[in-house]
Structure formats: C-alpha cells, structure tokens
Amino acid sequence: MDATQVIIRPVVSEKSYVLSTVGKYTFRVHPDAHKTQIRQAVESLFDVHVVDVKTASVKSKPKRRGSTAGRTRSWKKAIVQVREGEEIPIFQSLDAGAGQE
C-alpha cells in the first residue's frame, strides 16, 4: 500500500489540536493499515522520526433524520508521536489562524 493511501487526512478537533502541542498528531488512516505501515507513511510523507503509533477503530453511531434511520461510517484513526523537537507542518497552519478572533 502506498503512503498516500495509508494516510487519508489529518483529524482536526479540539483534542487533536491540544495533542499537537505535545508532538502527537492524529490522522484518519486506511482501515486495513497496521502500525508499521502508518509509521513508514508518516516518516516518508512528512520527513519526521516517529516514536510511537497508537491506533483506534471509531465505531459507527446511529443517526436519524425524520423517519429515516441510518448509521455513520466507521473509520480508523492513528495518533502518531514524533521525536521531540520535530513538527508536522500541516498542523502549524492551524496555529496561525487560532489567534485572529
């Protein structure tokens, strides 16, 4: 599996924003990707050294809209910790827009 297929997109939430200040970055990843593939993909795409990878499967939730019932999609996320002093530039662009309000 190619590195661009393993990492789908970064997860942007309050929790992931707080974790990025400590050097942990959250990504939505391919459901079949394992930790070694995620580590190699992040290291090749962002030119950083990965210290730790934690994965979690996010279960689907039931949703309703009127009489129509359904479920959200289930997906897999990975929290990647990089070596101290290194950063991933995608999350740095979020820092620039944070203090403008």
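Not measured: the values here are computed from a predicted model.

1. Let's talk about the overall build of the protein
Helices and strands together make up the secondary structure of the protein, namely four helices and six strands. Sorting the 101 residues of the protein into buried and exposed places 28% on the buried side. A separation threshold of at least 6 residues defines the contact pool for the protein, and within that pool the share at least 24 residues apart is 58%. For the protein, the exposed surface amounts to about 7,100 Å²; the carbon and sulfur share of it is 48%.

2. Focus on the pattern of salt bridges
Two side chains with opposite charge may pair up if their charged atoms get near one another. What the rule picks out here adds up to one salt bridge. A salt bridge links Lys-54 to Asp-52, with the shortest nitrogen-to-oxygen separation between them at 3.4 Å. With relative accessibility at 47%, the residue Lys-54 sits in the partly exposed group. For Asp-52, a relative accessible area of 26% translates into the label partly exposed.

3. Things to note about the nonpolar core
Counting residues in hydrophobic clusters, the biggest one holds 18 residues, and the most contacted among them are Ile-7, Phe-27, Ile-38, Val-42, Val-80 and Ile-88. Contributions of two or more residues to this core are made by helix H1 (3-6), strand E2 (24-29), helix H3 (35-46), strand E3 (50-58) and strand E6 (75-82).

4. Section: the side chain of Arg-28
Structurally, the position occupied by Arg-28 is in strand E2. Not counting residues up to four positions away in its chain, the partners in contact with Arg-28 are Val-6, Ile-7, Ile-8, Arg-9, Val-11, Trp-75 and Lys-76.

5. Looking at the environment of Leu-45
Tracing the backbone shows Leu-45 in helix H3. A relative accessible area of 38% places Leu-45 in the partly exposed class. Each C-alpha atom, one on Leu-45 and one on Thr-4, is 7.9 Å from the other, the two residues being 41 residues apart in sequence. When near neighbours in sequence (up to four residues on either side) are disregarded, Leu-45 contacts Ala-3, Thr-4 and Ile-7.

6. Focus: the sheet that holds E3
Strand order across the open sheet formed by four strands is E1-E2-E6-E3, with antiparallel pairing between neighbours. At either end of the open sheet lies a strand with only one pairing partner, and these are strand E1 (7-10) and E3. Taking each pair of neighbouring strands and ignoring which way they run, the sheet shows an average axis angle of 30°. By the bridge criterion, eight bridges tie E3 to E6 in an arrangement that is antiparallel. Across the sheet, the residue bridging to Val-53 is Val-80, located in E6.

Procedures and definitions
- Residues numbered from 1 in each chain as written.
- Predicted model: local features only at pLDDT ≥ 70, side-chain atom pairs only at ≥ 80, totals over all residues.
- Heavy atoms only, no water.
- Helix = DSSP H or I, 4+ residues; strand = E, 2+ residues; numbered from the N terminus.
- Buried < 20%, exposed > 50% of the residue type's maximum accessible area, 1.4 Å probe, protein only.
- Contact = heavy atoms within 4.5 Å.
- Areas by Shrake-Rupley, 256 points an atom, 1.4 Å probe, with all protein chains shown as cover.
- Salt bridge = Lys/Arg side-chain N within 4 Å of Asp/Glu carboxyl O.
- Core = buried A, V, L, I, M, F, W, Y, C linked by side-chain atoms within 4.5 Å.
- Pairing = 2+ DSSP bridges.
- Axes fitted to C-alpha atoms, helices over the stretch in contact; angles between N-to-C directions.

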